[in-house]
Amino acid sequence: SWSYTDWTNTAGNQADGSTYKVEAQALSSDSGTDVKQAQFVVDKNPPSITITDPAATSGSKSQLSISGQGADAASGVKTIEVIIAHMGLASEPLTEPDTYYNGVSAWTATPTWLQVPGSPWSGTPAPLSVNWSMSPITTPNISTLTTTGWLDGHVYRLTTRGSDVVGKITHS
């Protein structure tokens, strides 16, 4: 067993997304050699997650699809989740959400993270970027929002959360 600890991890060293290869060579008493290699990618930043539809401050009573993008240039995107929150009437001052869509068919007092279709992504390597969409076709339970929600004159807030392969998490 051996270790090397003289590699200072500063902002300029081991930059996010950089790939490094480590090679070790052993020499036996009979002059034989064995070489082992390992490669790794430094991942210091969480993924970026964006919502592309609906647009911020847009209005639509029949909005049933939510879509966006996720990217992580270092280790790859693992999960993307969304919370749908009811904020109240647009004509009243908005504060905190009063209810959250639970992903089944109801609005509740507790936030529920809804996984977007395809999440969690797997495979080696993990995808560095993904386009995602939640609609009645890909996520059947959000079709109940036609009967339980998207009330005329009300405001809704979408919050996303994403993780990358090494476990770094971001919120929007």
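Residues numbered from 1 in each chain as written. Predicted model: local features only at pLDDT ≥ 70, side-chain atom pairs only at ≥ 80, totals over all residues. Heavy atoms only, no water.

1. Points about the pattern of salt bridges
If you walk through the whole model with that rule in mind, you get one salt bridge. Here E81 and R161 are joined by a salt bridge, their closest N and O atoms 2.7 Å apart. With E81 in strand β5 (residues 77-89) and R161 in strand β10 (residues 154-164), this residue pair connects regions lying 80 residues apart in the sequence. In this structure R161 comes out as partly exposed when scored by relative accessible area, which is 24%. (Salt bridge = Lys/Arg side-chain N within 4 Å of Asp/Glu carboxyl O. Helix = DSSP H or I, 4+ residues; strand = E, 2+ residues; numbered from the N terminus. Buried < 20%, exposed > 50% of the residue type's maximum accessible area, 1.4 Å probe, protein only.)

2. Topic: a nonpolar patch on the surface
On the surface, W2, Y4, W7, V22 and F40 cluster together into a nonpolar patch covering about 590 Å² of accessible area. Relative to the assigned elements, V22 resides in strand β1 (residues 19-27). The class of V22 is partly exposed, set by a relative accessible area of 38%. (Patch = residues over 30% accessible without salt bridge, like charges linked within 9 Å, V, L, I, M, F, W, Y side chains within 5 Å. Areas by Shrake-Rupley, 256 points an atom, 1.4 Å probe, with all protein chains shown as cover.)

3. A few points about the sheet that holds strand β3 (residues 48-53)
In space, the three strands of this open sheet follow the order β3-β4-β9, with antiparallel pairing throughout. The strands lining the two open edges of the sheet, one partner per strand, are β3 and β9 (129-134). The average undirected angle you get between the axes of adjacent strands in this sheet is 20°. (Pairing = 2+ DSSP bridges. Axes fitted to C-alpha atoms, helices over the stretch in contact; angles between N-to-C directions.)

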